[in-house]
Amino acid sequence: MFSLSPDDWSAIRLTLALAGLTTILLLLIGTPIAWWLARTASAWKRPVSAVVTLPMVLPPTVLGFYLLVLMGPEGPVGRLTQALGLGLLPFTFSGLVVASLFYSLPFAVQPLQQAFEAIGERPLEVAATLRASPLDTFFTVVLPLARPGFVTAAVMSFAHTIGEFGVVLMIGGNIPDRTRVLSVQIYDHVEALEFTQGHWLAGGLLVFSFCVLLVLYRFNPGQPGMRP
Amino acid sequence: MNKLIKFFTRRRSTFSPLTRGGTGRGLLSSLNGETSQPPRPPASTKLGTGLSGGRRIAVSSATFLMLGMAGIAQADEISVAVAANFTEPMKKIAAEFEKTSGHKVALSFGSTGKFYSQIKAGAPFEVLVAADDETPLKLEQEGAAVKGSHFTYAIGKLVLWSAKEAVVDDKGEVLKKSGFDHLALANPKLAPYGAAGIETLKSLGAYDAVAPKIVQAENIAQTYQFVATGNALIGFVALSQVIGEDGKVKSGSVWIVPEKLYTQIRQDAVLLQNGASGGKDKAAAQALLKFLKSPFASKVIASYGYGQDK
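The shown structure was predicted, so the numbers you read here are calculated from the model rather than taken from an experiment. (Residues numbered from 1 in each chain as written. Chains lettered and ligands numbered in written order. Predicted model: local features only at pLDDT ≥ 70, side-chain atom pairs only at ≥ 80, totals over all residues. Heavy atoms only, no water.)

1. Focus on the pattern of salt bridges
Then step 1. One pass over the structure, following the stated rule, counts ten salt bridges over all chains.
Then step 2. Its salt-bridge partner being Lys189(B), residue Glu194(A) comes within 3.4 Å of it at the nearest N-O pair. Of the two residues, Glu194(A) sits in the loop between helix H10 (182-191) and helix H11 (195-219) while Lys189(B) sits in the loop between strand E6 (183-186) and helix H7 (192-203), which places them in two different chains.
Then step 3. Using a relative accessible area of 24% as the deciding quantity, one classes Glu194(A) as partly exposed. (Salt bridge = Lys/Arg side-chain N within 4 Å of Asp/Glu carboxyl O. Helix = DSSP H or I, 4+ residues; strand = E, 2+ residues; numbered from the N terminus. Buried < 20%, exposed > 50% of the residue type's maximum accessible area, 1.4 Å probe, protein only.)

Below, the structure is given as structure tokens:
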């Protein structure tokens, strides 16, 4: 009865690897961006915020199409990767990671930014009077205080990348074991009228997404008084 | 967007005295709220009455419209589902049909597979102009289309195309050389042109060598994009995509794959049952199908590089 083909399992493995790697990279990249956005009074704050949020507004196929053009042999990114000896990014796993970084960026940066903003100046000033270096302050004061922001950022980036479809469709090329992720596999099943296999994967994804959100609310309960 | 989220978070923090608590949590609910429906301003009574007044006018004008339409019984509107690869020729054919018959044609474009699911779910299409011959036949067998109404309106021609000059030769020898990183084709499970591409590779005995270089697109439009942007050097697309109005190749290099190398891509149209429900007769839809076989239509179809039964 339970009928997942080796192809299905390969798609699941690939999707988890993509989402995991993307989440780790996004926390590393997103933290400094969010910190800067939360602290700066620069005139660049608004344009940078807008760029970071853009992937949330654009249809994924538009984002995917521009990435395809930019990373193609004639595009600026494509020329750069070729010059660096990395080859071209479309149709590779690395290409999917790069695309996912753009695609899920707002989901990492915004919770972090809001967490940093909510800390305010005072804890930082107190830490400074106790002779904590800025780096020390960040790791011993900011990180613990912004914990809910980090949990939200990680879970949302991971879940959002799992559900990524339009962008992958545009730049992935649907190659088994390399770029055929779960959402594309489900789409293929449904389009080919293989509804049974489609249901197994889609149902699994539904349950998974529900559990992810449940975990998120467990760590970051929405109502005061529900905090563990 | 950021402002929206801040608006939400701020609103949330008025409920909760914990400022730090409002950090990461507010986002999820605001993200969700923001994607499913935008936050509404508090309902104002003035706005409410204004709206219902407008609705009243809309309702009465709709009634007039319906009365007016009842007067002209002859001009029907026909809903047609059209395979995406036939978009351009169908627009031309429908425009001419509207002019000569007085009927209105509403065209929807999409993949044949999606239309199949939608028609089975009761979508109100009266005619399906498909990209294959299996789907119309299946719909007939399953009772969703009128038995015996399907016919081949066009025969798709497969080409191997590169956006660059002098890459594709006129014998397809490029497939046997290793001068390319990627060969794009439409998903063979879903698209007839993709399946024909795989068949061609197998007929040439080049499949095993080329298989690791294949990148699949969702449909032939996306296959075209992969090749046009240069991400895939070569790809199997439809002749109709690469020839211009004058019948010549628009750009790059092309090999028109000999028809003996793959199973003919027959594109069928069929009259659906759905349009007939509610006592509406199918005369208009039948007239459109007949027009699809007219000399005018067949000239348009041929000008886009499709073959036809003689």
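2. Describing the sheet that holds strand E7 (residues 214-217) of chain B
Residues and elements named next belong to chain B.
Then step 1. The strand order across the open sheet formed by five strands is E7-E6-E8-E5-E9, and the pairing between neighbours is mixed. Every interior strand has two partners, whereas the edge strands, E7 and strand E9 (253-256), have only one. With strand direction ignored, the average angle separating the axes of adjacent strands in the sheet is 30°.
Then step 2. Looking at chain direction, strand E5 (residues 158-162) and E9 are connected through four bridges and run antiparallel. Among the inter-strand pairings, Leu160 is bridged to a residue of E9, identified as Trp255. (Pairing = 2+ DSSP bridges. Axes fitted to C-alpha atoms, helices over the stretch in contact; angles between N-to-C directions.)

3. Some words on the pairing of E6(B)
In regular strands, side chains alternate between the two faces of the sheet.
All names here are of chain B.
Then step 1. Side-chain alternation along E6 places Leu183 and Leu185 on one buried face and Ala184 and Ala186 on a second face that is also buried.
Then step 2. Pairing between E6 and E7: four bridges, direction parallel. Across the sheet, residue Leu183 finds its bridge partner in E7, namely Ile214.
Then step 3. Of the pairings in the sheet, the one linking E6 to strand E8 (residues 234-238) comprises two bridges and is parallel in character.

4. Considering the packing of aromatic side chains
Then step 1. Under the criterion given, the structure shown has 15 aromatic pairs over all chains.
Then step 2. Among the aromatic residues, ring-to-ring pairing joins Trp35(A), Phe116(A), Phe138(A), Phe139(A) and Phe150(A) into one connected group.
Then step 3. Positioned over the ring face of Trp35(A) is Arg39(A), at 4.9 Å from the centre of the ring.
Then step 4. When the ring centre of Tyr207(B) is taken as reference, the NZ or CZ atom of Lys202(B) above it lies at 4.9 Å. (Phe/Tyr/Trp six-rings, centres within 6.5 Å; stacked < 30°, edge-to-face > 60°. Lys NZ or Arg CZ within 6 Å of the ring centre and 35° of its normal.)

5. Some thoughts on the nonpolar core
Then step 1. Counting 53 residues, the largest nonpolar core has Phe86(B), Val129(B) and Leu183(B) as the members making the most contacts within it.
Then step 2. With five residues, helix H11 (residues 283-291) of chain B is the single largest residue contributor to this core.
Then step 3. The two domains that each donate at least three residues to this core are domain 2 (73-155 + 265-303) and domain 3 (158-256) of chain B.
Then step 4. Counting 52 residues, the second-largest nonpolar core is a separate cluster that includes Leu37(A), Leu89(A), Ala115(A) and Val168(A). (Core = buried A, V, L, I, M, F, W, Y, C linked by side-chain atoms within 4.5 Å. Domains from an automatic or database assignment.)

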